[in-house]
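Structural overview for review
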Amino acid sequence: MTINIGIVMDPIESITPYKDSSLAMMLAAQKKGWRLHYIQQSGLYLEDNKVKADYRSIKVFDNNEKWFEADAIETMDAAKLDVILMRIDPPFDMEYIYTTYLLEMAEQLGSLIVNKPASLRDANEKLFATQFPQCCTDVMVSRDPQKLRDFVIKFKDVILKPLDGMGGQSIFRVTPDDVNLSVILETMLNFGQNTVMAQKFIPEITAGDKRILMVNGNAIPYTLARIPAAGETRGNIAAGGTGKAIPITEREQWIADQVGPSLKKMGILFAGLDVIGDYLTEINITSPTCIREIDKQFNLDIAGQLMDCIEEIKC
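How each quantity is defined
Residues numbered from 1 in each chain as written. Predicted model: local features only at pLDDT ≥ 70, side-chain atom pairs only at ≥ 80, totals over all residues. Heavy atoms only, no water. Buried < 20%, exposed > 50% of the residue type's maximum accessible area, 1.4 Å probe, protein only. Helix = DSSP H or I, 4+ residues; strand = E, 2+ residues; numbered from the N terminus. Pairing = 2+ DSSP bridges. Axes fitted to C-alpha atoms, helices over the stretch in contact; angles between N-to-C directions. Phe/Tyr/Trp six-rings, centres within 6.5 Å; stacked < 30°, edge-to-face > 60°. Lys NZ or Arg CZ within 6 Å of the ring centre and 35° of its normal. Core = buried A, V, L, I, M, F, W, Y, C linked by side-chain atoms within 4.5 Å. Contact = heavy atoms within 4.5 Å.

**Section: the pairing of strand S12 (residues 196–200)**
Burial runs high along S12: four of the five residues are buried. With four bridges joining them, strand S9 (residues 139–142) and S12 adopt antiparallel strand pairing. Each bridged residue has a counterpart across the sheet, and for serine 142 the counterpart in S12 is valine 196. In this sheet, S12 lies alongside strand S10 (residues 158–162) in antiparallel orientation, the contact comprising five bridges. Within the sheet, the bridge partner assigned to proline 162 lies in S12 and is valine 196.

**Regarding the sheet that holds strand S11 (residues 172–174)**
Pairing is antiparallel in the open sheet, where four strands are placed in the order S9-S12-S10-S11. Edge positions in the open sheet fall to S9 and S11, since each of these has one partner strand only. This sheet shows a mean twist of 25 degrees between the axes of neighbouring strands, independent of strand direction.

**Quick look at unusual backbone geometry**
With an omega of 20 degrees, the peptide bond running from proline 90 to proline 91 counts as cis. Following valine 114, the chain continues into asparagine 115 via a peptide bond in cis, with omega recorded as 5 degrees. Phi is positive for lysine 156, close to 70 degrees, though the residue is something other than glycine. Mapped onto the fold, lysine 156 is located in the loop between helix H4 (145–155) and S10. For lysine 156, a relative accessible area of 52% gives the class exposed. For asparagine 216, which is not glycine, the phi torsion reads 50 degrees and is therefore positive. Looking at where asparagine 216 falls in the secondary structure, it is placed in the loop between strand S13 (209–215) and strand S14 (218–219).

**Description of the packing of aromatic side chains**
Tallied over the full model, the rule gives five aromatic pairs. A centroid spacing of 4.6 Å and a plane angle of 35 degrees characterise the contact between phenylalanine 92 and tyrosine 96, whose relative ring orientation is tilted. By relative accessible area, phenylalanine 92 is classed as partly exposed at 22%. Classification of tyrosine 96 by relative accessible area gives buried; the value is 1%. Centre to centre, the rings of tyrosine 222 and phenylalanine 298 are 3.9 Å apart; their planes meet at 25 degrees, and the pair counts as stacked. In this pair, tyrosine 222 is assigned in strand S15 (residues 222–227) and phenylalanine 298 in helix H7 (residues 291–298), connecting sequence segments 76 residues apart. We classify tyrosine 222 as partly exposed; its relative accessible area is 23%. Looking at arginine 173, its charged tip hangs above the ring of phenylalanine 201, at a distance of 3.7 Å from the centre.

**So, the nonpolar core**
Among the nonpolar cores identified, the biggest contains 39 residues, and Ile5, Leu85, Met307 and Ile310 are the most heavily contacted of them. The element contributing the most residues to this core is helix H1 (residues 21–31), with seven residues. In this structure, methionine 307 is in contact with Ile5, Met25, Ala28, Ala29, Lys32, Trp34 and Leu85, ignoring residues within four places of it in sequence. Within the second largest apolar cluster, 38 residues are counted, among which are Leu103, Cys136, Ala271 and Leu280.

Structure follows, in structure tokens:
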């Protein structure tokens, strides 16, 4: 079966091909003989009560010098696409939400959206993890500076993070005697206008912030340990961390088993669980990465597994 597949993503010209998971997905779809349609977020719009997509037919290559060729822009009804991959990176702002509304209209007419638009809206990547308290460390989510300060005093060593970021951006490690604690709280909270997550610091971060990739609720049996650079507490590759693929541990598999059924029920076909030590810290569903790093080190085809799953659903 030939499938028309669209991918809504950030500008393809600016990706880093050797580690880009969206490119891995396009390569896997192309390998199956599916027709690829590249769509920028601004290319989705509503006209005459139909969701339209300005797209470019595209060919992709596993080449760090030349990774795509794209035709001129054309327009189609988005619902004519059998599958649409939503791969826009956070921040998760109102423009992101508006895009999910448009995609949901295409979904109602039969397109399979990966991941499901309603779930993208419902499952904030930081807060979603707290639905599995048996897997998490101590957490507080608040916009009250005194409550957050009390949490820092109680647990002594704490990570503060915004709810809408990615790649380790704007994450702070604080202690009660940190001379900058007040200004950090003021800046992150925007004087009580923003909500922030506080997590008890997990010292096992030195062994890596593990990424478990999930395809249709099932864990890939290898994780990517993103090991912080010297002097850093963030393991994110975007923040200078080093990625090392290793077999999944018994505890990590248990965490995946706790989360997997909910992912499947919510139509989240591709997700990334972040685990530090024994604890789940985030559930990434907007544009999870690390496919290519794990593939390379263990000769896997994770994107191919995802396309097999999509094909099974559509057929």
